Amino acid sequence: MAAGVLLGMALGAVELAFLCVAWPASLLPAARPAAARGLTRLMAIERVRLARWLGHETTAESGGYGFLAARAALGVLGGYACASGLFLGGLLLFGGLWDLAWGESEPVPVNLPGVKVVTSSGVLGLTSGMVLLPLIVLMTLALGSLERRLAGLFLGPDRHEQMRRRITELTATRSGIVKAVDEERRRIERDLHDGVQQRGVSLAMLLGRARHSRDHGRTAELVAQAHAESRQLLDELRSVAWRIYPTALDELGLSAALAGVADRSSVPVTVHGGLAARPVSEVETALYFVAREAITNAVKHAGARDILVVLDEDERTVSVAISDDGKGGADPSGGGLSGLARRVLALDGEFTVDSPPGGPTKITARLPKAPPCG
């Protein structure tokens, strides 16, 4: 660290000289490329120094004149103080040892509170050096810490800090996805209990009444009702299975699956597909559930009359945006939307809800094309 601090002192002098020339030169269009090249090279040297001697590794390409100005001032002033203290402490320590070993140490009075001590110049120099050098060590450590903090402020966190934040994020998203899965299971149980089970009970009652009826006409009527109920039961089962996971998503892709959602909706839904290729399975599934839940919320709670779903992509991400003309006021912390947010965050995505009172509402999910590893 001492080597890094002393190198920072020398480099700070170069940076100050560069800034004195580069800032005025940057006002001239012809000189801006040269100033930019000089800035890039100095920043590269700073990153190497920070990584090699101060333990701050960063991959960010941020930083600029502001960082160089603050870094140069800190490096020159702090480095000069450390170098001066190191030189003085070493000189006192060496001089004291020299006087004790080969020189003629003269008596030197030392005034302490209430006590007057007479000691030799060699002992005094040796003691002063031994006291001063640890202080310089502490000053060097403090300066190195300030250098790292300054680098973290301008260049972003180092690899260790990034790893710590990543671990915290993964812990939170893991807990969130477990909670989202539990909520999804409870919703499936409610669908089965309130829909499928009730129709199954009704079908069993109709068949039981038909079995015990002695009136052939009445029996035929009950069997017809039971047949109609069985068809409704099958429709309910298909609906529940479709809400759990649509087979069209695997067979035909995201656009086709969302087209199926639009066909089943009681409110007009327009789907604009702008994807050149199918996303990976995890991303495609997350985008589907975001769109489906947003459409369901717009129909049930927002009183929307028109819904628009837009699929889009760029070089690194794929997104879905769902807009409706409903009354707005959607709560991002509600059960449905918070579950979607946890699903998206678990894939390193971004989830935003813009729903002012009175509407309109726009829900956007943006996910990386490549899912997170591990």
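Given the structure is predicted, the values throughout are model-derived calculations rather than measurements.

### Quick look at the overall build of the protein
- Each helix and strand in the protein was counted, giving ten helices and seven strands.
- In the protein, buried positions account for 34% of the 374 residues.
- Long-range pairs, those at least 24 residues apart, make up 70% of the contacts in the protein with a sequence separation of at least 6.
- A total accessible area of about 21700 Å² is found for the protein, and carbon and sulfur atoms account for 62% of it.

### What about the confidence of the model for the protein?
- Per-residue confidence for the protein gives a mean pLDDT of 77, with 78% of residues at or over 70.
- Scored below 50 in pLDDT, residues 115-119 makes 16 contacts in the model with residues more than four places away or belonging to other chains.

### Here we look at a nonpolar patch on the surface
- Judged by side-chain polarity, V131, L135, V137, L138 and L141 come together as a nonpolar surface patch covering roughly 470 Å² of accessible area.
- Within the element layout of this structure, L141 appears in helix 4 (residues 121-155).

### Here's the deal with the environment of L68
- Within the secondary structure, L68 is located in helix 3 (residues 65-101).
- In this structure, the C-alpha to C-alpha distance between L68 and F18, residues 50 residues apart in sequence, is 9.4 Å.
- When residues no more than four places from it in sequence are discounted, the contact partners of L68 are E15, F18, L19, L39, L42, M43 and E46.

### Considerations on the nonpolar core
- Grouped together as the largest cluster of nonpolar side chains are 34 residues, with contacts concentrated most on V290, V320, I322 and F351.
- Contributing elements (two or more residues each) for this core: helix 8 (254-264), helix 9 (281-300), strand 4 (307-313), strand 5 (317-324), helix 10 (335-345) and strand 7 (361-368).
- For this core, the leading source of residues is helix 9, giving ten residues.

### Things to note about the sheet that holds strand 4
- Taken together, five strands build an open sheet; the order of strands is 3-4-5-7-6 and the sheet is mixed. On the outer flanks of this sheet lie strand 3 (269-272) and strand 6 (350-354), each paired with one strand and no other. The mean angle between the axes of side-by-side strands here comes to 10°, regardless of whether they run parallel or antiparallel.
- Along the sheet, helix 8 contacts strand 3 and strand 4; its crossing angle with strand 4, the most-contacted strand, is approximately 175°.

### Comments concerning the packing of aromatic side chains
- Taken as a whole, this structure holds one aromatic pair when the rule is applied.
- Ring centres 5.3 Å apart and planes at 75° place the aromatic pair Y288 and F289 in the edge-to-face group.
- Assessed through its relative accessible area of 6%, F289 is described here as buried.

### With respect to the pattern of salt bridges
- Counted by the stated rule, this structure contains nine salt bridges.
- A salt bridge links E147 to R71; the nearest nitrogen and oxygen atoms lie 3.0 Å apart. Of this pair, E147 sits in helix 4 while R71 sits in helix 3, and the two are 76 residues apart along the sequence. Grouping residues by exposure puts E147 and R71 together as buried.
- A salt bridge links D314 to R366; the nearest nitrogen and oxygen atoms lie 4.0 Å apart. Separated by 52 residues along the polypeptide, D314 in the loop between strand 4 and strand 5 and R366 in strand 7 bring together distant segments of the chain.
- For D314, a relative accessible area of 39% translates into the label partly exposed.
- Take R366: its relative accessible area is 32%, and that puts it in the partly exposed class.

### Some points on unusual backbone geometry
- Phi angles above zero are rare outside glycine, and D348 is one such case at about 60°.
- Relative to the assigned elements, D348 resides in the loop between helix 10 and strand 6.
- Its relative accessible area of 31% is what places D348 among the partly exposed residues.

About the criteria used
- Residues take numbers from 1 onward in each chain, read along the sequence in its written order.
- Only residues with pLDDT of at least 70 are given local features in this predicted model, and only at 80 or more are side-chain atom pairs given and counted; all residues enter the totals for whole chains, interfaces and linings.
- Values shown for side chains rest on all heavy atoms present in the structure; no hydrogens or waters enter the calculation.
- Numbering of helices and strands starts at the N terminus; helices are DSSP runs of H or I of at least 4 residues and strands are runs of E of at least 2.
- Residue burial is assigned from relative accessible area. The probe radius is 1.4 Å, only protein chains are included, and a residue is buried under 20% of its type maximum, exposed over 50%, and partly exposed in between.
- A contact between two residues is defined here by any heavy atoms of the two lying within 4.5 Å.
- Per-residue and other accessible areas were derived by the Shrake-Rupley procedure at a 1.4 Å probe size, with only the shown protein chains allowed to occlude residues.
- pLDDT is defined as a per-residue confidence score from the predictor, taking values between 0 and 100.
- Residues enter patches when their relative accessible area tops 30% and they take part in no salt bridge; the joining distance is 9 Å for like charges and 5 Å for the nonpolar side chains Val, Leu, Ile, Met, Phe, Trp and Tyr.
- Basic side-chain nitrogens of Lys or Arg form a salt bridge, by our definition, when they fall within 4 Å of a carboxyl oxygen of Asp or Glu.
- Within this scheme, the nonpolar core is defined by two criteria: the residues are buried Ala, Val, Leu, Ile, Met, Phe, Trp, Tyr or Cys, and they are joined through side-chain atoms within 4.5 Å.
- Two strands qualify as a pair provided that DSSP identifies no fewer than 2 bridges between them.
- As a rule, the C-alpha atoms of each element are fitted with a line to give its axis, helices using only the stretch in contact, and angles between N-to-C directions run from 0 to 180 degrees.
- Two rings from Phe, Tyr or Trp (for Trp, the six-membered ring) form a pair when their centres sit within 6.5 Å of each other. Planes less than 30 degrees apart are called stacked, planes more than 60 degrees apart edge-to-face, and all others tilted.

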